[in-house]
Amino acid sequence: MQHLALVGCAHIHTPGFVRRLNDRPDVAIRAVWDHDRERAAGCAAELNAAQVQEVDAIWSDPSINAVVICAETNLHEELVLAAAAADKHMFVEKPLGMGRQDAGNMAKAIETAGVLFQTGYFMRGMPVHQFLRKQVQAGSFGQITRLRHSNFHAGALRDIFTPNYLWMTRLDESGIGGFGDLGTHSLDIMLWLMGEVDAVTATFASHSGNYGDLDETGEALLQFSNGVIGSLGAGWLDVEHPVSVILSGTEGHALVRNGDLFFNSQRVDGADGKSPWTDLPEARPHAFDLFLNHLAGDEAGTLISPAEAAARSTVMEALYQAAGDRSWVEVGN
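Residues numbered from 1 in each chain as written. Predicted model: local features only at pLDDT ≥ 70, side-chain atom pairs only at ≥ 80, totals over all residues. Heavy atoms only, no water.

A. Examining the side chain of Thr201 more closely. On the secondary structure map, Thr201 appears in strand β8 (residues 197-205). Looking at Thr201, its side chain comes within polar contact range of the main-chain oxygen of Ser327, at 2.8 Å. For Thr201, the residues in contact, after removing those within four places along its chain, are Glu219, Ala220, Leu221, Leu319, Ala322, Ser327 and Trp328. (Helix = DSSP H or I, 4+ residues; strand = E, 2+ residues; numbered from the N terminus. Polar contact = N/O pair within 3.5 Å; in protein donor to acceptor, adjacent residues only side chain to side chain. Contact = heavy atoms within 4.5 Å.)

Written out as structure tokens, the structure reads:
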């Protein structure tokens, strides 16, 4: 039995993690902390766990070997550094940090501590993304020229953040708005497929009127180190999201439309792109479940590294700088 603590209950995904924890017979939550005591009390009751008034009680408890950090993003650095110093394995909800500096500090501390780490980039486990990565590595697209990935929903139109999650609409606490919240998932897949980014630019917009001038949607261009041109769209203002991936190369093409993959490759028999490609790998466990599996000793599946998580925060910070400056920004990996 693995004994965990929930450190911060702020993120909109916290209720989902609570349900997943309650569904696992191999884990038990011993303690819950949040600076908002009412919020902590609610989660503690759902998890049948003790509510602690001071987070230090978690760091000093030798029976707790792992923590789930769902606090506001601007609190991550303090909490992650403390967790690393206490040798606690940790799941930290995305994004890891506000930008390059704090995310880099956290990644270094986690790596030095040698503890298990995971963050919430669940899209890697999707069959389509697994398949595309395998085909990219196999050279099935020839020389890849461009990649588009997007991630949209209607969260701002439905005002899903009021009242409990309004911190996610305040840049001093979240570091990102609608573009970054959903775009960080697309960014993870794009970097996972294509590698490092040299320079970026972006433009954002706001239309719902619910959160002032916070970015609610956006489009970005990324120049990858391997010469691929990337485009990333993300936000909270779309009532439909029919096309999520376009990958083009000199010998192949992939399109994901309404969840179906259309795959064309001169190097793969039967890949004519005319009908959905169904020969896909099985879905992997959700990123959160993968972390819990590793805690329990099941090491099947690869966790996201601290360095990878920090790189996503670095690129996202550059995208927000580029949008603010209306310029291209060199990322400087």
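B. Spatial organisation of the sheet that holds strand β6 (residues 117-119). Spatially, 6 strands are ordered β3-β2-β1-β4-β5-β6 in an open sheet, and the strand pairing comes out parallel. With one partner strand each, in any of the chains shown, β3 (50-51) and β6 form the two edges of the open sheet. Taken together, the 4 bridges between strand β4 (residues 66-70) and strand β5 (residues 89-92) define a ladder with parallel strand orientation. Bridging from a neighbouring strand, Val68 pairs with Phe91 of β5. Sheet strands touched by helix α2 (residues 37-47): β1 (2-9), β2 (27-33) and β3. Its angle to β2, the strand with the most contacts, is close to 165°. (Pairing = 2+ DSSP bridges. Axes fitted to C-alpha atoms, helices over the stretch in contact; angles between N-to-C directions.)

C. Structural context of helix α9 (residues 287-295). When you tally the buried positions in α9, you get 9 out of 9 residues, the bulk of the element. Burial in α9 covers these residues: Ala287, Phe288, Asp289, Leu290, Phe291, Leu292, Asn293, His294 and Leu295. For α9, the secondary structure elements touched by its buried residues are β1, α1 (14-22), β2, β4, β5 and β6. Of the residues flanking the end of α9, it is Gly297, one or two places downstream, whose phi is positive at about 100°. (Buried < 20%, exposed > 50% of the residue type's maximum accessible area, 1.4 Å probe, protein only.)

D. Main features of the sheet that holds strand β10 (residues 229-235). With mixed pairing, 8 strands are arranged side by side in an open sheet as β13-β12-β11-β7-β10-β9-β8-β14. Strands with a single pairing partner mark the edges of an open sheet, and in this sheet they are β13 (260-265) and β14 (329-330). One ladder, built from 2 bridges, connects β8 with β14; its direction is antiparallel. What sits directly across from Ala199, in β14, is Glu330. Packing of helix α6 (residues 127-138) onto the sheet brings it into contact with β7 (144-152), β11 (243-249), β12 (252-257) and β13, and relative to β13 it is tilted by some 10°. The sheet contacts of helix α10 (residues 306-325) involve β8, β9 (217-224) and β14, and relative to β8 the element is tilted by about 55°.

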